[in-house]
Amino acid sequence: MTGREFLELDSPQQRLYLERLKRVEVIQKILNELPKADQNLCNHGSYFLAANASLCGLVANNFFRNILHVRRASLVSALPMAVIPFLSTAAVYEVFVREPLFLGDLNCEVCAVVRGGLTGAVVGGLYPVFLALPMNASLAARYSSSPLPGKENLLRFWLTTAQPVFRKMSLGVLIQVLTGLYLATKHHGIYVKILQQMNTSRDPEELQA
């Protein structure tokens, strides 16, 4: 295959990529011209959801420690319960909500809001609780702080242990759902502002982006 044939075969994809890149540059340029409040919410809003996830992780960790009578290795259990939910929530929200939205791949407001709510509920609320359970179970087994059942009653024991924690954390999960919905709604509103400025621009290159 000659270089010319390769260029002709690849040109539609190359053109699409360049148009997409140009659109992203225009969106970023308009975003930088928006009020500081919109810029901060767009660039750092997901950190608030992530910080709440860290708080949920620490609270759930404390509940399980009390139930299992774990008194040692408090820092060892608290540190990952603060860091892992924070990083996971921020990354998932970025990948599934913010990035597709400002790349133009997520134009549906309902879809964006649903993604935000699900991210808040699953990753920001439930995931920290599920993460705290095996961590404290391993600590309870290591330090023999609480009698653990045999394999035949293991599932029932952990279900019984986790039920009160999930009930207590239900408010935290609800707050995370509402926070995710709010952030996604605000981010979509900022995206709409950017589109409106693009559509009213007199620059032909921006109109084609």
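Residues numbered from 1 in each chain as written. Predicted model: local features only at pLDDT ≥ 70, side-chain atom pairs only at ≥ 80, totals over all residues. Heavy atoms only, no water.

Caption draft 1: View of the overall build of the protein chain. Along its length, the protein chain carries 7 helices and 0 strands. Beginning at the N terminus, the succession of helices and strands in the protein chain can be written as α-α-α-α-α-α-α. A compact globule built from 209 residues should have a C-alpha radius of gyration of about 17 Å, whereas the protein chain, at 23 Å, is more than 25% larger. With the C-alpha coordinates aligned to their principal axes, the bounding extent of the protein chain is approximately 70 × 50 × 30 Å. Evaluated residue by residue, the protein chain yields a buried proportion of 38% over its 209 residues. Counting every atom, the protein chain has about 12400 Å² of accessible surface; 63% of that belongs to carbon and sulfur. (Helix = DSSP H or I, 4+ residues; strand = E, 2+ residues; numbered from the N terminus. Rg over C-alpha atoms; globule rule 2.2 N^0.38 Å. Buried < 20%, exposed > 50% of the residue type's maximum accessible area, 1.4 Å probe, protein only. Areas by Shrake-Rupley, 256 points an atom, 1.4 Å probe, with all protein chains shown as cover.)

Caption draft 2: Highlighting unusual backbone geometry. With phi around 60 degrees, H69 is a residue other than glycine that occupies positive phi space. Assignment of secondary structure puts H69 in the loop between α2 (36–67) and α3 (74–102). H69 gets classed as partly exposed once you look at its relative accessible area, which sits at 45%.

Caption draft 3: Representation of the side chain of N52. Inspection of the secondary structure puts N52 in helix α2. On the basis of relative accessible area, N52 is assigned to the buried category, the value being 16%. One polar contact links N52 to Q176, side chain to side chain, over a distance of 3.3 Å. (Polar contact = N/O pair within 3.5 Å; in protein donor to acceptor, adjacent residues only side chain to side chain.)

Caption draft 4: Region of interest: a nonpolar patch on the surface. Taken together, L75, L79, V83, I84, L87 and Y127 make up a surface patch of nonpolar side chains, about 550 Å² in accessible area. Looking at the nonpolar patch, the element that brings in the most residues is α3, giving 5 residues. (Patch = residues over 30% accessible without salt bridge, like charges linked within 9 Å, V, L, I, M, F, W, Y side chains within 5 Å. Salt bridge = Lys/Arg side-chain N within 4 Å of Asp/Glu carboxyl O.)

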